Amino acid sequence: MTHPRQASDGVAARVRYINADWRERADSPRIGSRESRRANTSMQDVRVHDARPELGALGTAVEELDRAGFTLTGLTPSLRDFRDEAGVARDYYPQVEATVERVGGAHRALVRNHLIRTETPVDFNDGYARFVHCDYNIRRLNEMSEALLVERGIEPQKNWIYAWYNTWQPFDHPAVMNPLAFIDWRSLPAEDVIDYYYTGRNRDSLVAAPVYNPAHRWCYFPDMATDEIIVFKQLDGRPDRAVYCPHTSFDVPDAPADAPPRRSIECRVLAIYETN
């Protein structure tokens, strides 16, 4: 069924991509503020498709994640106040870890951290995402994974392979405004993804982002309820699977004027897969 607010070919949207000239340069852009974002990105017109009718078309949630890079599932949070940092770690993290183990087919999952985004951000770093990006870089996969394991007192094993997922869930009310949009991995040529450095909050972290290609297929889940959660791929060390799922928020062109502002929680999650 077509969502009532969009045609079968999706909704029109404008999203920021890193400028294509960076593909040919020896250095990489550094983005960590509104000013550096505007200096290194430009708006592109895209169409964002309702992914709900396609759920299950690729098979199980594991197969959707491995081939497209994203899936949607249910999660009813056991806490109500997502601004309670201790409560989120105590009550919500175990639910997210269990969800990633289930839909990602992982032997174990560990939440690294989380981020709350609302209509009243403190700074650039916790505002709605406003350019197309990935959260990590595949070249840092083992380094990041083993650093987290050591931090948690877990000894990495030689037969472990790692993947990183993000989860994204609205709270307080459905996500009508500024929903999350993401690129289907099957439409993303590897050469479109370049390095950039995230410099917010005095960091200088190597991450990745795509440059614009009209072949990219954009998707979202309209009007996500507070008991729904997106699981999407950030890195994967296993062969022949989705590696990245670039994403951003976007303005739904004909969203109701009285729709509540989007409030969401996202978690960065390490998944461990055991080999023989």
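Residues numbered from 1 in each chain as written. Predicted model: local features only at pLDDT ≥ 70, side-chain atom pairs only at ≥ 80, totals over all residues. Heavy atoms only, no water.

Asker: Would you take a moment to explain the overall build of the protein chain for this structure?
Answerer: When you go through the protein chain residue by residue, the secondary structure sums to four helices and 13 strands. For 276 residues, the compact-globule formula gives about 19 Å, and the C-alpha radius of gyration of the protein chain, at 18 Å, lands near that figure. When its C-alpha atoms are laid out on the principal axes, the protein chain stretches across 50 × 45 × 40 Å. Buried positions account for 56% of the 276 residues belonging to the protein chain. Taking contacts inside the protein chain between residues at least 6 apart in sequence as the whole, the part at least 24 apart equals 79%. Looking at the protein chain, you have 34 positive and 41 negative side-chain charges, and the mean spots of the two groups are 2 Å apart. (Helix = DSSP H or I, 4+ residues; strand = E, 2+ residues; numbered from the N terminus. Rg over C-alpha atoms; globule rule 2.2 N^0.38 Å. Buried < 20%, exposed > 50% of the residue type's maximum accessible area, 1.4 Å probe, protein only. Contact = heavy atoms within 4.5 Å. Lys, Arg positive; Asp, Glu negative; His and termini not counted. Charge placed at Lys NZ, Arg CZ, Asp CG, Glu CD.)

Asker: Can you help me understand the nonpolar core in this one?
Answerer: Core analysis: the largest hydrophobic core is formed by 37 residues, its most contacted members being Val-48, Leu-149, Trp-164, Trp-218, Tyr-244 and Phe-250. Among the elements of the structure, strand 1 (11-18), strand 3 (41-50), helix 4 (141-151), strand 6 (160-170), strand 7 (180-183), strand 10 (218-220) and strand 13 (264-274) are those that each provide at least two residues to this core. By size, the runner-up hydrophobic cluster in this structure holds 24 residues, among which are Val-96, Ile-116, Val-231 and Cys-267. (Core = buried A, V, L, I, M, F, W, Y, C linked by side-chain atoms within 4.5 Å.)

Asker: Would you mind showing me how to read the environment of His-49 here?
Answerer: Looking at where His-49 falls in the secondary structure, it is placed in strand 3. Along the backbone, His-49 and Asp-195 are 146 residues apart, and their C-alpha atoms lie at a distance of 27 Å.

Asker: Hey, could you run me through the state of the cysteines in this one?
Answerer: Simply put, the disulfide is a covalent bond whose two ends are the sulfur atoms of two cysteines. One pass over the structure, following the stated rule, counts zero disulfides. Here Cys-219 stays unpaired: no disulfide links it, and the sulfur of Cys-245, its closest cysteine neighbor, is 8.5 Å away. Cys-267 takes part in no disulfide bond, and the closest cysteine sulfur to it belongs to Cys-245, at a distance of 16 Å. (Disulfide = S-S within 2.5 Å.)

Asker: Looking at this structure, how should I read the sheet that holds strand 9 (residues 205-210)?
Answerer: Across a sheet, paired strands are connected by hydrogen bonds in the backbone, their directions being either parallel or antiparallel. What the three strands build is an open sheet, ordered 2-8-9; its pairing is mixed. In this open sheet, the two strands that pair with only one neighbour each are strand 2 (30-31) and strand 9. By the bridge criterion, two bridges tie strand 2 to strand 8 (residues 193-198) in an arrangement that is parallel. The residue bridging Arg-30 from the neighbouring strand is Tyr-197, located in strand 8. (Pairing = 2+ DSSP bridges.)

Asker: Sorry if this is basic, but what is going on with the environment of Val-88 here?
Answerer: When you line up the elements, Val-88 lands in helix 3 (residues 85-104). Taking the C-alpha atoms as reference points, Val-88 and Asn-113, 25 residues apart in sequence, are found 10.0 Å from one another. If near-sequence neighbours (up to four positions away) are discounted, Val-88 is found in contact with Leu-79, Asp-81, Phe-82, Tyr-93, His-114 and Ile-265.

Asker: Explain the sheet that holds strand 3 here, please?
Answerer: Spatially, the five strands line up as an open sheet ordered 1-3-10-7-12, and their pairing is mixed. In this open sheet, the two edge strands, each paired with only one partner strand, are strand 1 and strand 12 (247-249). Averaged over all pairs of adjacent strands, the angle between their axes in this sheet comes to 40°, without regard to strand direction. Pairing of strand 7 with strand 12 involves three bridges; the strand directions are antiparallel. Pairing of Leu-180 across the sheet is with Ser-249, part of strand 12. (Axes fitted to C-alpha atoms, helices over the stretch in contact; angles between N-to-C directions.)

Asker: Quick question: what am I supposed to make of the pattern of salt bridges here?
Answerer: Oppositely charged side chains can form a pair if their charged atoms are brought close together. On inspection of all chains with the given rule, the structure shows 24 salt bridges. Linking Asp-27 and Arg-25 is a salt bridge whose minimum nitrogen-to-oxygen distance equals 3.4 Å. Taking relative accessible area as the criterion, Arg-25 reaches 39% and is therefore assigned partly exposed. Of the charged contacts, one joins Arg-238 and Asp-66 as a salt bridge, the two residues approaching to 3.4 Å between their closest N and O atoms. On the criterion of sequence distance, the pair formed by Arg-238 in the loop between strand 11 (228-236) and strand 12 and Asp-66 in helix 2 (residues 61-67) is long-range, its members being 172 residues apart. (Salt bridge = Lys/Arg side-chain N within 4 Å of Asp/Glu carboxyl O.)

Asker: Is there a simple way to think about the pairing of strand 1 in this case?
Answerer: Strand residues, when the strand is regular, have side chains that alternate between the two faces of the sheet. The buried count for strand 1 comes to six of eight residues, which makes it a mostly enclosed element. As judged from the eight bridges shared by strand 1 and strand 3, these two strands associate in the antiparallel manner. Residue pairing for strand 3: Ala-13 is matched across the bridge by Val-46.

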